[in-house]
Amino acid sequence: MTRFGMDVVLAHPEGYEIFLEVEEVAAKNAEKSGGTFTKTNSMAEAFKDADIVYPKSWAPFAAMEKRTELYGNGDIEGINALEKELLAQNAEHKDWACTEELMSTTKDGKALYLHCLPADITGVSCETGEVDASVFDRYRTPLYKEASFKPYIIAAMIFLAKFADPADVLKKLEENSKPRVFK
């Protein structure tokens, strides 16, 4: 979003950092486009006067690296221990939830709430989740519309990773197109 001139605030609890390279790209894009990229460890600060909020839970980058290594080594005991560790760590941040109170601090109290789904909905899918049921329900239509794009985005990412020149592959497919018959 920073490449489109948006003012983007990345908020996460301490210890939940993302790829440094991603932050660097976001900052460079913001500089080129006239937008901004800032980071904070305060969810309240990130919500203040926001037009759009996209709160998403994730594990710390270091944990993702460790998980990948454990899976690669087939270390099931290590994976189970890591999952317990991460659940305990996440329990310390239950206040990082998209609530009606936080939404009221957004621009005119009317920011668009988005999430790639599935979301942990407080009182619906879990006791204490990442979003209040009332917030989720208010934005159900745009959330489901956004989620409907997910399979196509995943397919595009696979396609882009598989071919060195995806534009050329698409051009050849178009040139050699044959009618498709579905039975």
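Quick caveat: nothing in here was measured; it's all calculated off a predicted structure.

Across 5 bridges, the pairing between strand 1 (residues 7–11) and strand 2 (residues 36–40) is parallel. In the strand pairing of strand 2, A11 is matched with T40. In the classification by handedness, the crossover that spans strand 1, the intervening helix 1 (residues 20–33) and the parallel strand 2 is right-handed.

Right, let's get into the packing of helix 7 (residues 140–148) against helix 8 (residues 150–162). Their axes nearest at 5 Å, the elements helix 7 and helix 8 cross at an angle of 30°. The pairing of helix 7 with helix 8 is recorded here as roughly parallel in orientation. Here E146, A147 and S148 of helix 7 lie close against helix 8, whose contacting residues are K150, P151 and Y152. Of the residues contributing to the contact of helix 7 with helix 8, the split by class is 3 nonpolar, 1 polar and 2 charged.

A few words on the pattern of salt bridges. Enumeration over the complete set of coordinates arrives at 7 salt bridges. With a closest N to O distance of 3.7 Å, D49 and K48 form a salt bridge. The residue E100 makes a salt bridge to R138 at a minimum N-O spacing of 2.9 Å. Here E100, found in helix 5 (residues 100–103), pairs with R138, found in helix 6 (residues 133–138); they are 38 residues apart in sequence, far enough to count as distant.

Further remarks concern the nonpolar core. M103, Y113, V131 and F136 are the most contacted members of the largest nonpolar core, which has 17 residues in total. Broken down by secondary-structure element, the contributors of at least two residues to this core are helix 2 (43–47), helix 5 and helix 6. In contact with M103, not counting residues within four places along its chain, are F47, V53, C98, G109, A111, Y113, V135, R138 and Y139. In this structure, A59, A63, L70 and L82 belong to the second largest nonpolar core, which totals 6 residues.

A cis amide bond, omega 0°, links L117 with the succeeding residue P118. Residues other than glycine seldom take positive phi values, yet L117 does so here, at roughly 65°. Structurally, L117 can be placed in the loop between strand 4 (112–113) and strand 5 (121–122). Note on L117: relative accessible area 13%, which makes it buried.

Attention now goes to the packing of helix 3 (residues 61–72) against helix 4 (residues 76–91). Helix 4 packs onto helix 3 with a crossing angle of 160° between their chain directions and a minimal axis gap of 9 Å. In this view, helix 3 runs roughly antiparallel relative to helix 4, as classed from their interaxial angle. Considering how the two elements wind past one another, helix 3 and helix 4 form a crossing that is left-handed. Taking contact as the criterion, the partners of A63, K66, R67, L70 and Y71 in helix 3 are, on helix 4, G78, I79, L82, E83, E85 and L86. Partitioning the contact of helix 3 with helix 4 into residue classes produces 6 nonpolar, 1 polar and 4 charged.

Glancing now at the environment of K107. Mapped onto the elements, K107 comes out in the loop between helix 5 and strand 4. By relative accessible area, K107 is classed as partly exposed at 43%. Considered as a pair, K107 and Y152 are 45 residues apart in the sequence and their alpha carbons are 31 Å apart. Sequence-distant contacts of K107, defined by excluding residues within four places in its chain, comprise D49, A50 and D51.

Counted under the stated rule, the structure contains 3 aromatic pairs. Judged by centre distance (6.3 Å) and plane angle (55°), the rings of Y113 and Y139 are tilted. Here Y113 is found in strand 4, whereas its partner Y139 is found in the loop between helix 6 and helix 7, with 26 residues between them in sequence. You'll find Y113 and Y139 in the same group, each marked buried.

Cut-offs applied
- Residues numbered from 1 in each chain as written.
- Predicted model: local features only at pLDDT ≥ 70, side-chain atom pairs only at ≥ 80, totals over all residues.
- Heavy atoms only, no water.
- Pairing = 2+ DSSP bridges.
- Helix = DSSP H or I, 4+ residues; strand = E, 2+ residues; numbered from the N terminus.
- Right-handed = clockwise from strand over helix to strand, strands pointing away.
- Axes fitted to C-alpha atoms, helices over the stretch in contact; angles between N-to-C directions.
- Parallel < 35°, antiparallel > 145°, perpendicular 65-115°, else oblique.
- Contact = heavy atoms within 4.5 Å.
- Nonpolar A, V, L, I, M, F, W, Y, C, P; charged D, E, K, R; others polar.
- Salt bridge = Lys/Arg side-chain N within 4 Å of Asp/Glu carboxyl O.
- Core = buried A, V, L, I, M, F, W, Y, C linked by side-chain atoms within 4.5 Å.
- Buried < 20%, exposed > 50% of the residue type's maximum accessible area, 1.4 Å probe, protein only.
- Left-handed = near helix turned anticlockwise from the far one by under 90°.
- Phe/Tyr/Trp six-rings, centres within 6.5 Å; stacked < 30°, edge-to-face > 60°.

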